[in-house]
Structures are given as structure tokens and as C-alpha cells.
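If you want the building blocks of each chain, they are given just below.
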Amino acid sequence: MKNPARIFCVCLWLVLLPGCMYARPASETLAGSIILPEAPHEEAPPPQPVLSAPQSVAQGDILSIRVSMQEGLLRGLAAELTDGAGKKVLSFTGFRFPAPETADAWAAVGGISSVQAPGDYGLTVSAVCEDGRRVTLSSDLRILGRAFVQEDIPLNQAMSSLRADPDPRKAVESRELWTLLTTINPSSVYHAGELCLPVAEGFRETSFFGDRRTFLYTDGGTSKSIHYGLDYATPRGTPVQAAGAGRIVMAKERVLTGFSIVIEHLPGVYSLYYHLDRLNVKEGQMVNAGERIGDSGFTGLATGPHLHWEVRAAGNAVEPKTLLRNSFIPH
Ligand SMILES: [Zn+2]
């Protein structure tokens with residue numbers, strides 16, 4: 001008996017006008033009864049995605065954003081960072097990740113290059129909903145400066161040749177690595193938390209993230225480069241562990257970086273390990289955080305035995321040490 005007033009009135013109508021069996025609008029007045037139209041059906045507003053993003057990051061920081069929405073109602077996410085002139089400086093793709101505290105959580109993890117100018121930027125996030133709606137969310141982001149070490153690195157004859165001499169293998173390997181580091185596999189969600197050190201505590205750091213380097217060649221020439229990772233002075237044979245869980249996407253010898261390993265942790269997020277003496281893993285293999293993946297060494301372009309450890313997000317190198325105390329995806 002959803003609407004007793006109407007049922008009553010229809011019955012009254014049948015009694016009073018037995019010959020009139022045609023339909024009448026429900027709002028007609030009849031025999032003193034006022035029949036109100038049905039209340040319009042109240043539509044609930046469609047659910048909206050909610051963006052969570054930092055207000056500031058530093059050069060070389062990870063940039064993580066989260067978007068949450070009612071379960072199963074989001075099917076895509078893309079983020080873009082633009083400078084004050086509206087020029088795009090970074091774009092990164094989102095992915096769904098398991099988060100027990102929210103019904104449907106999506107994240108996107110990018111990296112701020114160490115050469116990105118400090119200043120005010122705009123973050124634009126496009127969410128695609130299951131019902132086809134595209135919702136744009138935006139937020140301001142300030143990029144703060146970071147101090148970097150300037151260093152000169154004299155190279156002996158062999159190192160000068162290794163770095164400066166043209167070698168088609170170096171170009172092929174460079175392209176191959178760049179393709180890999182800019183690949184985003186949306187289902188590769190293996191490690192959302194903090195990283196662990198890839199070597200035991202206590203090894204001296206001999207180079208830092210973002211060092212501005214000048215290589216001094218034996219012929220008097222120079223070239224400039226930026227150091228994208230951290231170097232630890234580890235004797236040959238020192239165990240090297242995976243900094244986080246993930247999939248081995250490269251385990252091979254390269255001209256400049258020697259025996260090298262790349263682990264995929266999240267869509268577009270990778271850690272790299274160079275100059276190894278020995279590889280304990282194969283491409284395609286899954287590893288846990290802390291699992292021994294090889295031994296450190298002195299292979300490739302290195303002036304002494306050490307481990308080079310690097311982290312990339314959306315192609316950009318980021319400060320690995322920040323990730324020892326901060327999760328890739330904040331809670
Ligand atoms: Zn290094």
C-alpha cells in the first residue's frame with residue numbers, strides 16, 4: 001500500500017463515474033479530493049572522486065597522489081604537472097591498489113627531476129569513472145630547491161675511453177633502458193611502502209643523489225653529468241638486497257654500468273643496481289624486499305668497487321634515501 005490516497009481516489013472515481021473508464025491525470029480534483037502528483041524521485045548526486053596530494057615537494061622527491069572513490073566506480077587515472085606558463089613538465093598514469101581502509105583507492109607515482117626549477121606548479125588529475133564521466137581535480141604544488149654537491153672526477157686512460165669513445169652498444173643499451181624505465185604496467189603493484197637499504201648499514205656513501213659531476217679525461221677534455229643515484233663503498237662480494245618487493249625486469253651486463261639489475265616495484269617505478277660482481281636473479285623473477293639479488297663489484301665505468309643504487313619514477317631519478325622513511329604511496 002504505497003499510495004493509499006490514490007487508491008482511495010481511484011475507488012471513489014469508479015463509484016461515482018462507472019462509465020468513465022478512461023485514464024485521467026492523477027492531479028485532477030474529484031468530488032472534493034485533491035490528488036497530489038507523486039513527489040519527484042530524488043536523485044542522489046553521483047559519487048565524486050576525492051584527491052589527496054601534497055602541497056609541496058623538493059627537487060628529486062617522489063610525487064605521490066591518491067584518489068579514492070566508492071568501490072568499483074573508477075576505471076582510470078592520469079596526472080599532469082604544469083609550470084606557471086602552463087607547460088607540461090611531468091605526466092604519470094594512475095593505477096588501482098589494494099587499500100583496506102578505502103573502498104576503491106587509486107594512486108599515481110611520479111618523480112620530480114633534480115633539475116626541475118623550484119617554484120609554483122599546477123597538478124591536474126583526470127579521473128575516468130565507470131559511468132563514463134571524466135572528473136578533473138586540481139591542486140597547487142610548490143617545488144622546493146635542494147642543495148647538490150659539485151664534484152670533479154679524474155678518469156684514467158681506460159675510463160676516459162670507456163666513457164668518451166663512441167660505441168654503438170652504449171647507444172643501444174641506453175635506448176633499451178630508457179624504454180624500460182618509461183614503461184608503465186598498470187597491474188605491476190608489488191611494493192607500496194618504504195624501501196630498505198640494499199646493503200648492510202655502515203658502508204660509506206661516496207657519491208650522493210644529484211651530484212653535479214665534471215669528468216676530467218686524460219686528454220684534458222671534460223664532460224658534465226648528473227649522478228642519478230647513491231654510491232656505497234662496498235668491497236667486491238658484498239651482498240646486495242632488493243630494496244623492495246618486485247619483478248626483475250633487467251639482469252644483464254652493460255657497457256657502462258657493468259652487471260646491472262632493475263626491479264619494477266610499481267607501475268613506472270623502478271630501482272636499479274649497478275657495477276655488480278655477480279647476478280643472483282634472472283629477468284622475470286619475482287623478489288621480496290631484502291632478498292639477495294647479487295654481489296657488489298667493480299664492473300663497467302667505476303673508479304673503485306662500489307654499489308650504485310638508483311630509483312626512478314615516471315622516468316625521473318629521485319633521491320633513494322627519502323624512500324627509506326617514506327612510503328611510495330602515503331597512508
Ligand atoms: Zn653511482
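This is a predicted model, so every value here is computed, not measured.

### Notes on the overall build of the chain
Step number 1: When you go through the chain residue by residue, the secondary structure sums to three helices and 21 strands.
Step number 2: Evaluated residue by residue, the chain yields a buried proportion of 32% over its 331 residues.

### Let's talk about the environment of tyrosine 270
Step number 1: Among the secondary structure elements, tyrosine 270 is positioned in strand β17 (residues 269-279).
Step number 2: Given 24 C-beta atoms within a 10 Å radius, tyrosine 270 is considered buried.
Step number 3: Along the chain, tyrosine 270 and alanine 317 lie 47 residues apart, while their C-alpha atoms are 9.5 Å from each other.
Step number 4: The residues contacting tyrosine 270, other than those within four sequence positions of it, are Leu181, Val262, Ile263, Glu264, His265 and Arg312.

### Notes on the nonpolar core
Step number 1: The biggest cluster of nonpolar side chains holds 62 residues, and the ones touching the most others in it are Val67, Val109 and Tyr273.
Step number 2: If one sorts the elements of this core by residue count, β17 sits on top with six residues.
Step number 3: Split by domain, this core shows at least three residues from each of two domains, domain 2 (50-144) and domain 3 (150-324).

### Considerations on the pairing of strand β11 (residues 212-216)
Residues in a regular strand project their side chains so that they alternate between the two faces of the sheet.
Step number 1: As paired elements, strand β9 (residues 150-154) and β11 share five bridges and run parallel to each other. Residue glutamine 150 lies in a different strand from β11, and its bridge partner there is arginine 212.
Step number 2: Here β11 folds back onto strand β12 (residues 222-226), and the loop between the two strands holds five residues, one of which, glycine 220, carries a positive phi near 95°.

### Focus on the environment of proline 46
Step number 1: Mapped onto the elements, proline 46 comes out in the loop between α1 (4-16) and β1 (50-52).
Step number 2: A C-alpha to C-alpha distance of 9.5 Å links proline 46 and aspartate 131, two positions 85 residues apart in sequence.

### Structural notes on the sheet that holds β12
Pairing between the strands of a sheet comes from backbone hydrogen bonds, and it takes one of two forms, parallel or antiparallel.
Step number 1: As summarised here, the arrangement of the three strands in space is β9-β11-β12, forming an open sheet in which the pairing is mixed. Edge positions in the sheet fall to β9 and β12, since each has one partner strand and no second. Averaged over all pairs of adjacent strands, the angle between strand axes in this sheet comes to 25°, irrespective of strand direction.
Step number 2: Relative to β12, β11 runs antiparallel, the two being bridged by five bridges. Note on β12: the bridge partner recorded for arginine 212 is isoleucine 226.

### A closer look at helix α3 (residues 168-181)
Step number 1: Taking 1.5 Å per residue as the helical rise, α3 with its 14 residues ought to reach 20 Å, and the 20 Å between its terminal C-alpha atoms agrees with that figure.
Step number 2: Burial analysis of α3 places just one of its 14 residues in the buried class, a small minority of the element.

### Focus: the environment of tyrosine 190
Step number 1: Here tyrosine 190 lies in the loop between α3 and β10 (205-207).
Step number 2: Residue classification places tyrosine 190 among the partly exposed residues on the basis of 19 C-beta atoms within 10 Å.
Step number 3: The residues touching tyrosine 190, leaving out its near neighbours within four places in the chain, are Ala245, Gly246, Arg247, His265 and Leu266.

### Some points on unusual backbone geometry
Step number 1: One non-glycine residue with positive phi stands out, namely histidine 275, at about 65°.
Step number 2: Looking at where histidine 275 falls in the secondary structure, it is placed in strand β17.
Step number 3: Phi at alanine 314 is positive, roughly 50°, even though this residue is not glycine.
Step number 4: Along the chain, the position of alanine 314 falls in the loop between β20 (307-313) and β21 (316-318).

### Focus on the pairing of β17
Step number 1: Most of β17 is tucked away, with nine of its eleven residues classed as buried.
Step number 2: Where strand β16 (residues 258-266) lies against β17, six bridges are found, and the strand directions are antiparallel. The residue bridging glutamate 264 from the neighbouring strand is tyrosine 270, located in β17.
Step number 3: Connecting the antiparallel pair β16 and β17 is a turn made up of two residues, with glycine 268 showing a positive phi of about 80°.
Step number 4: Looking at chain direction, β17 and strand β19 (residues 292-296) are connected through three bridges and run antiparallel. Looking across to β19, one finds that leucine 276 is bridged to serine 296.

### Structural notes on the confidence of the model for the chain
Step number 1: Per-chain confidence: the chain averages 86 in pLDDT, with 85% of residues scoring 70 or above.
Step number 2: Predicted confidence for residues 1-32 stays below pLDDT 50, and this span has 17 contacts to residues more than four positions away or in other chains.

Conventions adopted
Residues numbered from 1 in each chain as written. Predicted model: local features only at pLDDT ≥ 70, side-chain atom pairs only at ≥ 80, totals over all residues. Helix = DSSP H or I, 4+ residues; strand = E, 2+ residues; numbered from the N terminus. Buried ≥ 20, exposed ≤ 12 C-beta atoms within 10 Å, placed from the backbone. Contact = placed C-beta atoms within 7 Å. Core = buried A, V, L, I, M, F, W, Y, C linked by C-beta atoms within 7 Å. Domains from an automatic or database assignment. Pairing = 2+ DSSP bridges. Axes fitted to C-alpha atoms, helices over the stretch in contact; angles between N-to-C directions. Expected span 1.5 Å × (residues − 1). pLDDT = per-residue confidence, 0-100.

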